[in-house]
Number of protein chains: 2
Amino acid sequence: MEAQKLKHLKSILANFKTIKKITNPNSSKHFLNFKSYNFLLGNNKIITREQLIKGKLDGSAIIVIPMLSNNEFLCVIEPRVFTKLTVGIGFPAGYIEKNESEETAALRELQEETGYTTSKLIKLDEFYQDEGCSAALNTIYLALNCQKISEQHLDKDEYIEYVSFTLQELLELESLGYIKGGNTKLALAKLKEYIANKEKIIKERKLK
Amino acid sequence: MEAQKLKHLKSILANFKTIKKITNPNSSKHFLNFKSYNFLLGNNKIITREQLIKGKLDGSAIIVIPMLSNNEFLCVIEPRVFTKLTVGIGFPAGYIEKNESEETAALRELQEETGYTTSKLIKLDEFYQDEGCSAALNTIYLALNCQKISEQHLDKDEYIEYVSFTLQELLELESLGYIKGGNTKLALAKLKEYIANKEKIIKERKLK
């Protein structure tokens, strides 16, 4: 990545960093919750497991990798208050709402967080967020040819900026430790696999 | 994968499947918990975020990819009661205990879950489990030349069997949907990158 671009990125990140952290005195309305169950297994053993609940739902989410016409990918910068840097770089993502399809959630989150939309979503993969204690099933989409159609629409508790990077720059940001969320890392690995596969197919066609 | 091996695997999986699920009547002692905080950011905005707590700790974990002398990798089969299959295939993994180092946790979990140990742990990557609501930082290790030195040591609420697979078989199990946990998928992607890199270096050395 050019030194100037990395310097500019660092100046954006500074706005997102945590300056002060205090226990919330008014936490009676909470988003996280859990339920406990007993399970009878195929071998007749009984085990107890707790399930993480997010906003009364199972926490399933979508992750969208927005590709622009210049072949760069749109990333979002967000406060990640529990991490060491207290700020993270990732792809647009969010929880699926009640009675919402994965694709609708992907389009909604993409537009809310960046103002962009896409005419083509390609599903790259799906995975469980935290198999041991959650039913959350996340879907990774690649969104082709994204176009800016509106402003961001953020909740009052959200603060997000977006920046675009080449695949090479994304991999560099990962090795520098700026991209450190498991979901973003997995999405990036699946994007890399998808592009390598595409290039392999194009090469094979040319050889024929 | 040979049809016979896949058939045998399916018969093992059957033992792990959930037959019946009931709400736990006695869930006063719980593992999952949360804390709520307010954060002042670099741009002077104040946001509220909840942190997931696991057993009074932040939930940081290790994932170990045990490589055997025949170049196969050891996997564990476990009940994954909240997933669609209700059983999962992954690598040995577990939470880091209080005052325990990542490496000690890796060796402990590897031996508890499989009875194997290793003389060489290679750190492949680290990542945040769930950046938005957790401080859990997970480390992925490759454990070389693993040797069986004891029986499993499982907690009374654990039920685990282990099976070994080639890298190709692991990728096949992923595409068949048997490997579907985000952590296992990311570990597998990092293993694939590590091996591809190694092979590239060996090839380049030969060309010189």
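What you see is a predicted model; the values in this text were computed from it and never measured. (Residues numbered from 1 in each chain as written. Chains lettered and ligands numbered in written order. Predicted model: local features only at pLDDT ≥ 70, side-chain atom pairs only at ≥ 80, totals over all residues. Heavy atoms only, no water.)

## Thoughts on the interface of chain A and chain B
Reasoning step 1: Taken together, the 68 residues of chain A in the interface contact 68 residues of chain B.
Reasoning step 2: Carbon and sulfur atoms make up 56% of the area that chain A and chain B hide from each other, which totals about 6400 Å².
Reasoning step 3: With its nearest N and O atoms 2.9 Å apart, the salt bridge here joins Glu174 of chain B to Lys190 of chain A.
Reasoning step 4: Linking chain A with chain B are 43 residue pairs in polar contact (both at pLDDT 80 or more).
Reasoning step 5: Listing elements by their share of the side of chain A that touches chain B, those giving two or more residues are helix H1 (3–16), strand S1 (18–23), strand S2 (32–41), strand S3 (46–54), strand S9 (120–128) and helix H4 (182–207) of chain A. (Contact = heavy atoms within 4.5 Å. Buried area = accessible area lost by both parts, 1.4 Å probe. Salt bridge = Lys/Arg side-chain N within 4 Å of Asp/Glu carboxyl O. Polar contact = N/O pair within 3.5 Å; in protein donor to acceptor, adjacent residues only side chain to side chain. Helix = DSSP H or I, 4+ residues; strand = E, 2+ residues; numbered from the N terminus.)

## Some thoughts on the relation of the copies chain A and chain B
A rotation about some axis, followed by a shift along it, carries one copy of the chain onto the other.
Reasoning step 1: For the pair chain A and chain B, the best superposition has an RMSD of 0.0 Å and corresponds to a rotation of 180° with a translation of 0.0 Å parallel to the axis. On the angle and the small slide along the axis, the relation comes out as a two-fold axis. The position closest to the rotation axis in chain A is occupied by the C-alpha of Leu186 of chain A, lying 2.7 Å away.
Reasoning step 2: The fraction of interface residues of chain A whose copies in chain B are also interface residues reaches 100%, indicating that both copies meet through the same surface. (Least-squares fit on C-alpha atoms with pLDDT ≥ 70 in both.)

## What to know about the pattern of salt bridges
Reasoning step 1: Under the counting rule described, the total for this entry stands at 34 salt bridges over all chains.
Reasoning step 2: For Glu97 of chain A, the salt bridge is made with Arg108 of chain A, and the minimal N-O distance between the two is 3.7 Å. You can see Glu97 of chain A sitting in the loop between strand S7 (93–95) and helix H2 (102–114) and its partner Arg108 of chain A sitting in helix H2, a full eleven residues away along the chain.
Reasoning step 3: We classify Glu97 of chain A as partly exposed; its relative accessible area is 45%.
Reasoning step 4: Given a relative accessible area of 17%, Arg108 of chain A falls into the buried group.
Reasoning step 5: Through salt bridges with shared partners, a single network forms among Asp125, Lys190 and Glu193 of chain A together with Glu174, Lys185 and Lys192 of chain B. (Buried < 20%, exposed > 50% of the residue type's maximum accessible area, 1.4 Å probe, protein only.)

## Regarding the packing of helix H3 (residues 167–175) of chain B against helix H4 (residues 182–207) of chain B
Each packed pair of helices is defined by two parameters, the angle between the axes and the distance between the axes.
All names here are of chain B.
Reasoning step 1: Contact geometry for H3 and H4: axes closest at 11 Å, N-to-C directions at 145°. Where H3 crosses over H4, the two elements pack in a sense that is left-handed. Counted together, Leu167, Leu170, Leu171 and Glu174 of H3 and Lys185, Leu188, Leu191, Lys192 and Ile195 of H4 form the full contact between these two elements.
Reasoning step 2: Here the residues of the contact of H3 with H4 are counted per class, giving six nonpolar, no polar and three charged. (Axes fitted to C-alpha atoms, helices over the stretch in contact; angles between N-to-C directions. Left-handed = near helix turned anticlockwise from the far one by under 90°. Nonpolar A, V, L, I, M, F, W, Y, C, P; charged D, E, K, R; others polar.)

## Brief notes about the side chain of Ser36 of chain B
Reasoning step 1: By secondary structure assignment, the location of Ser36 of chain B is in strand S2 (residues 32–41).
Reasoning step 2: What makes Ser36 of chain B buried here is its relative accessible area of 7%.
Reasoning step 3: When near neighbours in sequence (up to four residues on either side) are disregarded, Ser36 of chain B contacts Thr23, Asn24 and Ser27 of chain A together with Thr48, Arg49 and Glu50 of chain B.

## Comments concerning helix H3 (residues 167–175) of chain A
Residues and elements named next belong to chain A.
Reasoning step 1: Within the sequence span of H3, burial applies to Leu167, Glu169, Leu170, Leu173 and Glu174. Projected down its long axis, H3 shows its buried positions confined to an angular sector of 160°, all on one face. Along H3, the residues that are exposed and aim more than 90 degrees away from the buried face are Gln168 and Ser175. (Arc of directions from axis to C-beta.)

## Concerning the pairing of strand S5 (residues 73–79) of chain B
On any regular strand, side chains alternate: one points to one face of the sheet, the next to the other face.
Residue and element names in this part refer to chain B.
Reasoning step 1: Most of S5 sits out of view: seven of its seven residues are buried.
Reasoning step 2: Here S5 shows no split at all, with Phe73, Cys75, Ile77 and Pro79 on one side and Leu74, Val76 and Glu78 on the other all buried.
Reasoning step 3: When S5 meets strand S12 (residues 161–165), the two strands line up antiparallel, connected through five bridges. Residue pairing across strands places Phe73 opposite Phe165, the latter belonging to S12. (Pairing = 2+ DSSP bridges.)

## Re the sheet that holds strand S10 (residues 137–144) of chain A
Residue and element names in this part refer to chain A.
Reasoning step 1: The mixed open sheet is built from four strands, whose spatial order is S7-S4-S10-S9. The strands lining the two open edges of the sheet, one partner per strand, are S7 and S9. Neighbour-to-neighbour, the strand axes of this sheet turn through a mean angle of 20°, independent of strand direction.
Reasoning step 2: Bridge analysis of S9 against S10 gives eight bridges, and the strand direction is antiparallel. When the sheet's bridge partners are listed, Phe127 is paired in S10 with Asn138.
Reasoning step 3: Along the sheet face, H2 touches strand S4 (61–66), S7, S9 and S10 and points at about 60° away from the line of S4.

## So, the sheet that holds S2 of chain A
Reasoning step 1: One open sheet holds the three strands; their spatial order is S3(A)-S2(A)-S1(B), and the pairing between them is antiparallel. Each end of this open sheet is capped by a strand with a single partner; those strands are S3 of chain A together with strand S1 (18–23) of chain B. In this sheet, adjacent strand axes meet at a mean angle of 35° when their direction is disregarded.

## Describing the packing of aromatic side chains
Reasoning step 1: With the rule as written, the count across this model stands at twelve aromatic pairs over all chains.
Reasoning step 2: With centroids separated by 5.6 Å and ring planes inclined at 45°, the aromatic side chains of Phe31 of chain A and Tyr95 of chain A adopt a geometry described as tilted. Residue Phe31 of chain A is located in the loop between S1 and S2, and its partner Tyr95 of chain A is located in strand S7; the two are separated by 64 residues in the primary sequence.
Reasoning step 3: The interplanar angle of 85° and the centroid separation of 5.6 Å between the aromatic rings of Phe82 of chain A and Phe39 of chain B together place this pair among those described as edge-to-face. In this pair, Phe82 of chain A is assigned in the loop between strand S5 (73–79) and strand S6 (87–90) and Phe39 of chain B in strand S2, connecting two distinct chains.
Reasoning step 4: An aromatic cluster is built from Tyr37 and Phe39 of chain A together with Phe82 of chain B, whose rings are joined through pairwise contacts.
Reasoning step 5: Over the ring of Tyr37 of chain B we find Lys21 of chain A; its NZ or CZ atom is 4.2 Å from the centre of that ring. (Phe/Tyr/Trp six-rings, centres within 6.5 Å; stacked < 30°, edge-to-face > 60°. Lys NZ or Arg CZ within 6 Å of the ring centre and 35° of its normal.)

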